[in-house]
Amino acid sequence: MNAVTWDQRERIIALLAEASADPAVRAVVVTATGRGFCAGADLRGSPAVGDKVAGDVARMIRQGAQRFIAAVMDCEKPVIAAVNGTAAGIGAHLAFACDLVLAAESARFVEVFARRGLVPDGGGAYLLPRLIGPQRTKELMYFGDALPAAEAHAMGLVNRVVPAEDLPKTARAWAERLAQGPTRALALTKQLVNASLDTDRVTAFAAEATAQELNMTTRDAQEGVTSFVERREARYEGR
């Protein structure tokens, strides 16, 4: 069920950082093999911390689950989640942190924390209220019931639900469309949208103006304008 071990988490964080830095990478897909997308954190894979003292758990969460989710949100390339099965705990938050979420009809999302006597981590209490509001978030988190893909789509947590056999090709088609787009413009768009929910209008407008200033120095922005004037399809290079 693809519970995330410490080593796997660090590897994914590193891959996302590499994707941000590599101009040849134009889009990222996060998916899994087997029956599940991600069953949450595999605590057996965590390094031993010995006898805990005050601050140990908070530090572990900051350096672990929160860093993991932040790596997705801060990746400079568009990130698609292709959810092939159950996404529970931090597995659900991994999907919700992505820019676009595709789900197989058989997928389901579970805020499993309260059922284990735990508080949600991995940014769940930050992500979900911004996606579906506080009331629905509390219902999901208090009860911990499995949320089928169709219901997640109706709530706005999922962009599209497809038959399981169509999930890989749909994810690839979306990724290819994004990979052919103006990569730097998409990165700046991602930053603006993610920051907008935590900023006032004056700050958001200033960030938008700065983003436009930066983007107009790119080859892709110049190509976009030129292709419009010449009435042809734009050919973006990601630069």
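All values derive from a computational prediction rather than experimental measurement.

The helix and strand inventory of the chain stands at ten helices and eight strands. For 239 residues, the compact-globule formula gives about 18 Å, and the C-alpha radius of gyration of the chain, at 19 Å, lands near that figure. Summarising its shape, the C-alpha atoms of the chain cover approximately 65 × 40 × 35 Å along the three principal directions. Every one of the 239 residues in the chain was classed for burial, and the buried ones make up 39%. Expressed as a percentage of contacts within the chain between residues at least 6 apart in sequence, the contacts between residues at least 24 apart total 69%. Approximately 13,700 Å² of the chain is accessible, and the part contributed by carbon and sulfur atoms is 55%. Mean positive and mean negative side-chain charge positions of the chain (28 and 28 charges, respectively) differ by 1 Å.

On to the sheet that holds strand β7 (residues 146-148). Read across the open sheet, the four strands follow the order β2-β4-β6-β7; overall the sheet is mixed. Of all strands in the sheet, those bounded by a partner on one side alone are β2 (36-38) and β7. Strand after strand, the sheet turns through a mean of 20° between neighbouring axes, direction not considered. The pairing of strand β6 (residues 108-110) with β7 spans three bridges and is antiparallel. Within β7, the position partnered with F109 by the bridge is L147.

Once that is clear, we can look at the pairing of strand β5 (residues 100-104). Most of β5 sits inside the fold, with four of its five residues counted as buried. Bridge analysis of β5 against strand β8 (residues 160-162) gives three bridges, and the strand direction is parallel. From the neighbouring strand, A104 faces β8, where its bridge partner is V162.

We now examine the packing of helix α1 (residues 6-21) against helix α2 (residues 56-74). Contact geometry of α1 with α2 gives a least axis separation of 9 Å together with a crossing angle of 25°. The orientation of α1 relative to α2 falls into the category roughly parallel. Note that α1 runs across α2; the crossing there is left-handed. Contact with α1, carried on its side by R9, E10, I12, I13, L16 and S20, involves Q63, G64, R67, F68, A71, V72 and D74 of α2 and no other residues of that element.

Here the focus is the state of the cysteines. Within the structure shown, the criterion is met by zero disulfides. Free cysteine: C75, not disulfide-bonded; nearest cysteine sulfur from C98 at 9.4 Å. The exposure class assigned to C98 is buried, which follows from its relative accessible area of 7%.

Moving on to the sheet that holds strand β1 (residues 28-30). Hydrogen bonds between backbone atoms are what pair the strands of a sheet, whose relative direction is either parallel or antiparallel. Spatially, four strands are ordered β1-β3-β5-β8 in an open sheet, and the strand pairing comes out parallel. Of all strands in the sheet, those bounded by a partner on one side alone are β1 and β8. Pairwise comparison of adjacent strand axes, ignoring direction, gives a mean angle of 25° for this sheet.

Thresholds applied
- Residues numbered from 1 in each chain as written.
- Predicted model: local features only at pLDDT ≥ 70, side-chain atom pairs only at ≥ 80, totals over all residues.
- Heavy atoms only, no water.
- Helix = DSSP H or I, 4+ residues; strand = E, 2+ residues; numbered from the N terminus.
- Rg over C-alpha atoms; globule rule 2.2 N^0.38 Å.
- Buried < 20%, exposed > 50% of the residue type's maximum accessible area, 1.4 Å probe, protein only.
- Contact = heavy atoms within 4.5 Å.
- Areas by Shrake-Rupley, 256 points an atom, 1.4 Å probe, with all protein chains shown as cover.
- Lys, Arg positive; Asp, Glu negative; His and termini not counted.
- Charge placed at Lys NZ, Arg CZ, Asp CG, Glu CD.
- Pairing = 2+ DSSP bridges.
- Axes fitted to C-alpha atoms, helices over the stretch in contact; angles between N-to-C directions.
- Parallel < 35°, antiparallel > 145°, perpendicular 65-115°, else oblique.
- Left-handed = near helix turned anticlockwise from the far one by under 90°.
- Disulfide = S-S within 2.5 Å.

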